[in-house]
Structure formats: structure tokens, C-alpha cells
Amino acid sequence: MGRNKPNKWRRGKRDRDQQQTRPGTRGNYELPPKENVVFEEYYKGQGIVPDGEWDQFMSTLRKELPVTFRITGYRSQAKRLLDVIKSEYFSNLVNMVGDSVQPPKLLPWYPDNLAWQINVSRKEIRSTPLLKKLHTFLVSETESGNISRQEAVSMIPPILLDVQPHHKVLDLCAAPGSKTAQLIELLHADETKAIPEGFVVANDVDNKRCYLMVHQVKRLQSPCFMIVNHDATTMPNIRMYPQEDEANKFKFVTYDRVLADVPCSGDGTMRKNPDVWRKWLPQAAVGLHSVQMKVLKRGLELLSVGGRLVYSTCSLNPVEDEAVISAMLQKCEGSVELVDASDKLPGLKTMPGLKSWKIFHRKDSSWFNSFEEVEAAGLTGLAGRTMFPPSPEVAEQLHLERCMRVLPHHQNTGGFFIAVLEKRDVLPWVRTPIPPSSTAITVNESEIVQNDSVSKSDTSNGDVPVDSSADLPPEGADDADIRKRKERDDDDDEKEEGILKPPEPNSEPHSKKAKISGYKEDPYFYFNEDEPDWEKIKNFYSVSNDFPHTQLLVRSETGKKRNIYFTSDAVKRMVTYNTDKIRFINTGIKLMARSEKEEVDCDFRLAQEGINTIFPYFTSRRVHITKEDVLTLLLQENPFIGKMSLGAQEELKPISQGSIIFIFDQEDSPDDDNKCRVLFCGWKGKKSCRTFVPKHERLHYLRMCGITTDPKRGHWELNQGKYPVCF
Ligand SMILES: C[S@@+](CC[C@H](N)C(=O)[O-])C[C@H]1O[C@@H](n2cnc3c(N)ncnc32)[C@H](O)[C@@H]1O
């Protein structure tokens, strides 16, 4: 922003002095004033707020966001935690109706009652004595990753994607990963399948933010996801290595579901990020439109015919929202359609997409309705053709009203925009590449204002380096270009679903790693059929024959294996043959870690992270435990075996020293379908036993097993099983 003209807030010292006398200080730190006259002028002009609601819209924007959260994780565990929250933390708030604090409110459109809103700000929840217990709980469960304090509107896109366990899912701009986590949860919705067929590829251009995502999604313990680091506008094709029955073919992956939660100016987040008030400029949207178009275009290219893509922004600006959708739909010539998904969000009020909007010229507060008007005024640098609305007839045909905008004052949320698209046919430029001279609307650089300085510095996430490694032909490429690309990438194919000759079996696929500049991740080495370490592991844990051990992997080829990870078959078939072009940041869950002890017949102990995945296959070394045992194991570091229940002691007796699996089955739930099983990775020593649950997760597990604390009395108590069925 520094290089652009200051906005009106910054214009005069007098203005600034006035602002400083307003409320809005935090300690000695001056909070930015929640004023921006250009913002008001702009959005009044665009007509995004219904008549008579403007003041309410603005006053809501000036208030802090209420606390919202969703319970994360897989269904039965999430439902169990919901029971705990209702009985232990919400019940004392029920009688507070009419008081200054409202009781927690269910977000009715979020599945399975797992998302809630408390109408106080983060600051207020900390300082309100009645909410103290709930706040402490939210902090600890957020830390252990079982609750996500996610903005309500940000939970919407994954719901609309309607992900099924067999789907191939691509999240193009995924970091820090709150929506990716939802996608992974949906993939694992059928808990009878430990390893779903589908997978999630989570991508982000920002390397550091990719690692934030690792932290966010690791706790979901899914073998079906991978994090990659590419520019989504040129997202490379990923080859899918064949299954045995497809011996001589391999395909580029196309996806059943694509999420394009694109970088945006973020003015829907003003309530959370007060800085936006000061920085907001209409040009930010203009600078981002181009990259948003390109991300959407690439997403549609990678989407299977019949697949669904959700485009979302946390911006209210039609230039980043309807303009992108409208231009891309026209370019797709009917092969992609906007879907009416409003009935998928029961109880959520959304505004229909705009059918007309304008471009604002801040210099003299003038408005332009079409690209022709901009051309006539000699201001083609102001906005590109694709930023303007189509004719009313075309807007009607495209059903732009099916886009959805969430206005902050309607439900006390942030602002948000969502469009659900379905691909009905192969894209026209893939069927017949469009020559640059075509009259069709294209994402043509010359027509789009490339305001890099705005997009890079004025937005929350506008850092968009260029990587031109995509395999599909670039926009506007002619046949000669395409031929050249074909020659260069002789094992790639421009077609969306190309079937190609397989690459030469690559004896050292990972040596290609060096080809990707700046990429430093350790390579991935999968177990061979006759992996020497496997036989010992298999015997020690009585692993069933159907466990796919060739999906185990390590991160170094030579020397002793340290950690052993596991991925699904589909992920393996991608990782193995793309190491020369895909920047894999992370994949696989840790199943085992090296632990060499003379008295133990196996050099690998189990890891808590992978316990749910291995459980159906690792059939011995299991011990059933009671609530009291859970308490003993989680509060004492190495309790003597004699301190365990008699049943557990009996089961421990015949087991040799080494890793074990503790099984806790909840018995006191009133809801048979909702009974919760908790598995703990444990260890049997000579005289004692233990779990490997990290300290910060122990509170969570105690709660899940029905054990609550009484901080006043300073010790743990067993909950006698009071679970209100309904709140
Ligand atoms: C709105 S945030 C995504 C939030 C994320 N979907 C979530 O729910 O946690 C936009 C993300 O896009 C990333 N980004 C920006 N330009 C990109 C590009 N060209 N390709 C891929 N990612 C990009 C940013 O690094 C940022 O993490």
C-alpha cells in the first residue's frame, strides 16, 4: 500500500487528530479508527446492501466478531465432544437468556449441530466470569486441535462442495488449512472405512503457510491427503500411477471437487482485522481480479466433467466476486454452470449475486458502467474488460443471482461470497484451443489491470509469484505453441483426461528431486514387497495379511529407518511418479517410530497419530481399559501394572514388553449410535505401563472418556454419566 496514494483516512492531520480522540484504544496502542469514507461511498454505489439497512451494516462492521467455533475431527469423536460441551459447559449458560450474555447459539446450517456461536467477542469471553469455564475449555481444546475457532462464514465452502469419501479433492489456495481440515473430515465421514478411496490435495503458493497447514491437518490422522506448494494459476498436472489392473496406462489426475478460496482484498474480515479499515482501497480488488480469474480457470481445467467447484472470497467486492464468475462462465460457453445451492444452508440468510455493478474512479469519484466507457475516457488502466458486468440478458442466462453474499449484519458474521459451479462438459479451449484473436472473453493480460503493487501489499494474501509449470496450454495459446509444449513435455498431454504411455519404471525416482529449484523436502521411499523390517513388525503385532505394507514409507533411503509413515494407495500412486515436478511438502501419517530396546522383539513402537488407522489390522497386543485406568494412565507417567483394573492386568499378563494398544469403550452414553471408542497408544514395561499421549492432549482425552475436573477441589472426578440428549 505504501506506494499508492494515501486513502482519505490518511489525508489530513486534522482528520487523524479527530480520530485519535475517538474510543478505540487498547492500552497505549492506538487502534485504527473504524472509518473509511471511500469504502462507504464505494459500497453504497454498488448497492450490495438492501435499502434501509446501511446503518445497521456499518455499525455491525464496527463491532468485533462474536466467538464461533466448530468441533473438528471424525463423526463419533466430534459427537462425543459435543455431548461433553453441552453437559459440562453449556448447561449453566441456558438460564442466562435476557442477561447481558446470550446462551450459545447453534449455527443451524452446519451439519450435525457441530458449530456454535456465542454472541460475545473474544475479548469479552475472556473477561466475563460466567463464561470463564467455557473459555478455558475452548482454549485447551483449540490447542489440542479438537475445536477450530473458525469464523462462521469460512465454514461454508466445504459444506457446499458436498465431498464424498471416494472423491478426489483439490484445495487450490489452502493455507492455513481450516477449510482443508473440513474437507478431510468429510472424506472420512464413513468411519467404517479406515482408509477412504478419495484424497485431498491441499496446495498453497506460500511455502511457510504450507507448513502452518501441516500442523492444522496432521491431527486429523488421515493417510489420504498431501500438501503441495505451487502457484495455483499454473497448478501442475499430477500423474496418477496405474493400479495393477490398468497395467499400461496412467492418467493425469482430474478432481471431483475443487475449492478455490482465492486470495482477496479481505474486506469481509474487517471485524476481525481492523487494519483493513485503514488500508482499504477500491484498487485492491482490481489488482486481484486477474489472479482470481486465473486460479478459477486452472481449477476448472483440473475439474472432472460432472465435478463441482466452489469459488469463495472474504471480500464483498463484485470485482472479485460476480465479475470473476461472470467472465469465466462466458469463457466456458455453457460447459460450466452456476448451481443454486441456497437450500444446502438451512437457516443462513444470503443475498443473491448482483447482476450489475460498476467500476469506481477514486480520483474524481466517478463511476464507469462498461469497458467502452473506460476506453472512451482514455482510462483503460483503471479496469479490464472482464471486470464489468455482462448485458442484462447474459446476466440472466448465467443466473448470476445464484451466487451468494453473506452480509455481516444479517447474522452477526463476517462478510463472504460463494459461488458453486458444476462442469457439464469439456472446456472449449481444451476441446479447441482458442487463438488469441478470438472474440470470446479471455483472461487476456492486456485487458486486465496488472496492479501488482496493490495486489502484493494491500491484501492479506496477495503474494503471487509466477510459476509456469502447468501442463495445460496457456491462455490464448495457438496450435504451434501447443505442439512445442507437447514436444517439450513428451510424457504429458494437454487433454484433461489423457491416457499416456507409462514412464519408464524409474529405478531412482527420487533422484529427480534436485530438478525443482529451492525445494528441500526429504524424498519419500515406499516399502518394497520384501522390505526386511516388515516381517518382524508383522509378527510382533500380528498384522493381518490384508494390511497394505507397501504403502508404508520412510524419508531416507539409507541407514536405519527412524519414523514409518503411511499413505493411502491413491496417494502413493501420485507421490511415487511426480517427485520430478511436484513440490510435496507433506503426506502420510506417522504409524511407528524407532525404539530399540534389548528386551523388546521389535524395533518400532506405535505412534498415537496412526493408532486409528492401524487398529483394524494390528490384531494383537490390545488391552481394554476402564475410566479409572484412563485416569491412572493420563495422570501418572509410568504407573505400576498393579494400579490398573483387574481386567486390564489380566489382559496385560500374556503380552511381552513393548508397544500396546489401550482400548477405552464408552459404556454410559444414552445414544447407542453415538458410543465413543478411544484408542491410546501405550507401552508395557517390565512392571509398569504407560501411554504416549502428549501432555497438551490429555485434558481432551480425559473429557472424551467422561472424566471432568473440579478446579476448586483440585482433583479429578469421574463424571457419573449425565448426558443431556438435547439442548
Ligand atoms: C483466503 S486465503 C485461504 C484460506 C484457506 N482456504 C483456509 O480456509 O484456511 C488465500 C490463500 O491463497 C494463497 N495464495 C495466494 N496466491 C496464490 C496462488 N497464486 N496460488 C496458490 N495460493 C495462493 C495465500 O498464500 C493464502 O494462503
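The rules behind the values
Every chain is numbered on its own, with residues counted from 1 as its sequence reads. It should be noted that, the model being predicted, local features are given only for residues of pLDDT at least 70 and side-chain atom pairs only at 80 or more, the latter also being counted only at that level, while totals for whole chains, interfaces and linings use all residues. Note that water and hydrogens are dropped before the side-chain values are worked out from all heavy atoms of the structure. UniProt positions are given in the numbering used here, feature names are shortened, and annotations may be inferred rather than shown by experiment. Helix and strand labels come from DSSP, where a helix needs a run of H or I of at least four residues and a strand needs a run of E of at least two; each type is numbered from the N terminus. Buried means the residue's accessible area, taken with a 1.4 Å probe over protein chains only, is under 20% of the maximum for its type, while exposed means over 50%, and partly exposed covers the values in between. Here, residues are in contact when the closest pair of their heavy atoms is within 4.5 Å. For accessible areas, the Shrake-Rupley method is used with a probe of radius 1.4 Å. Any residue's cover is judged against the shown protein chains and nothing else. Note on pairing: two strands pair once DSSP finds at least 2 bridges between them. Axis geometry follows a simple rule: fit a line to the C-alpha atoms, using only the stretch in contact for helices, then measure angles between N-to-C directions, giving values from 0 to 180 degrees.

Named according to an unreviewed UniProt entry, the protein chain is tRNA (cytosine(34)-C(5))-methyltransferase originating from Lingula anatina. For the record of the protein chain, the UniProt heading Subcellular location (unreviewed entry) holds the text "Nucleus". One UniProt comment on the protein chain, placed under Sequence similarities (unreviewed entry), says "Belongs to the class I-like SAM-binding methyltransferase superfamily. RsmB/NOP family."

What follows deals with the overall build of the protein chain. Looking only at helices and strands, the protein chain has 25 helices and 32 strands in total. Within the span of the protein chain, comprising 727 residues, buried residues form 57% of the whole. Put simply, 75% of the contacts in the protein chain that link residues at least 6 apart link residues at least 24 apart. Counting every atom, the protein chain has about 31,300 Å² of accessible surface; 48% of that belongs to carbon and sulfur.

Right, let's get into the sheet that holds strand S23 (residues 563-566). On the basis of which strands lie adjacent, the open sheet formed by five strands has the order S21-S22-S23-S25-S26 and antiparallel pairing. Of all the strands in the sheet, the pair left with one neighbour each is strand S21 (525-526) and strand S26 (604-606). Bridge count for S23 against strand S25 (residues 589-594) is four bridges, and the pairing is antiparallel. Across the sheet, the residue bridging to Tyr 565 is Lys 590, located in S25. The sheet contacts of helix H20 (residues 532-541) involve strand S22 (552-554), S23, S25 and S26, and relative to S26 the element is tilted by about 45°.

Attention now moves to the UniProt feature "binding site: S-adenosyl-L-methionine" (unreviewed entry) in the protein chain. Look at the UniProt record and you will see "binding site: S-adenosyl-L-methionine" (unreviewed entry) annotated at Cys 173, Ala 174, Ala 175, Pro 176, Gly 177, Ser 178, Lys 179, Asp 204, Asp 231 and Asp 261. Since its relative accessible area comes to 10%, Ala 175 is described here as buried. In this structure, Ala 175 is in contact with Asn 203, Asp 204, Arg 209, Cys 210 and Met 213, ignoring residues within four places of it in sequence. With respect to the element layout, Lys 179 can be found in helix H9 (residues 178-187). For Lys 179, a relative accessible area of 9% corresponds to the buried category. Excluding its chain neighbours within four sequence positions, the residues that come into contact with Lys 179 are Gln 150, Ser 154, Pro 157, Pro 158, Asp 171, Leu 259, Asp 261 and Phe 416.

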